[in-house]
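# Coordinates in review
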Amino acid sequence: MIYSYNCVKQKKLGENSEEYYAYGISLGEDILVGDVTCDESFAKEIAEKLNAFQASPVHIFEIIENMIIQKYS
């Protein structure tokens, strides 16, 4: 099976009812890891890496978490 992950733009409502955009990662219509980052290029990078390595959906939460930790530590 070939996995095709995508960056998904989501309109969100923050504190004080301010609108902002967050980006998530989707796999088809069944799996969505929402509100991963506000950085669109980073979300696209995550999706590209998941696709390049054909990451199993079982591991995407852990992989995304590790990528966020690596980027911001």
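Everything here concerns the structure above.
For the structure given in this document, a descriptive report is provided here. Note that the structure is a prediction, hence the values are computed from the model and not measured.

Where helix H1 (residues 40–52) contacts helix H2 (residues 60–72), the axes come no closer than 11 Å and their chain directions differ by 130 degrees. With respect to their mutual orientation, H1 and H2 come out oblique. Where H1 crosses over H2, the two elements pack in a sense that is right-handed. When H1 is examined against H2, the residues Phe42, Glu45, Ile46, Lys49 and Leu50 are found in contact with a partner set consisting of Ile60, Ile63, Ile64, Met67, Ile68, Lys71 and Tyr72. Class assignment of the residues belonging to the contact of H1 with H2 gives a composition of 9 nonpolar, no polar and 3 charged.

It is worth spelling out the sheet that holds strand E3 (residues 31–37) at this point. Spatially, the 3 strands line up as an open sheet ordered E1-E2-E3, and their pairing is antiparallel. Unpaired on one side and paired on the other, strand E1 (5–13) and E3 mark the two borders of the sheet. When the angles between neighbouring strand axes are averaged without regard to direction, this sheet yields 35 degrees. Against the sheet, H1 engages E1, strand E2 (19–27) and E3, with an angle of about 150 degrees to E1.

We now examine the environment of methionine 67. For methionine 67, the position within the fold is in helix H2. Taking relative accessible area as the criterion, methionine 67 reaches 10% and is therefore assigned buried. A C-alpha to C-alpha distance of 10.0 Å links methionine 67 and lysine 49, two positions 18 residues apart in sequence.

Relative to the helices and strands, glycine 28 resides in the loop between E2 and E3. Once the C-alpha coordinates of glycine 28 and serine 4 are considered, the two residues, 24 residues apart in sequence, prove to be 7.3 Å apart.

Conventions we followed
Residues numbered from 1 in each chain as written. Predicted model: local features only at pLDDT ≥ 70, side-chain atom pairs only at ≥ 80, totals over all residues. Heavy atoms only, no water. Axes fitted to C-alpha atoms, helices over the stretch in contact; angles between N-to-C directions. Helix = DSSP H or I, 4+ residues; strand = E, 2+ residues; numbered from the N terminus. Parallel < 35°, antiparallel > 145°, perpendicular 65-115°, else oblique. Left-handed = near helix turned anticlockwise from the far one by under 90°. Contact = heavy atoms within 4.5 Å. Nonpolar A, V, L, I, M, F, W, Y, C, P; charged D, E, K, R; others polar. Pairing = 2+ DSSP bridges. Buried < 20%, exposed > 50% of the residue type's maximum accessible area, 1.4 Å probe, protein only.

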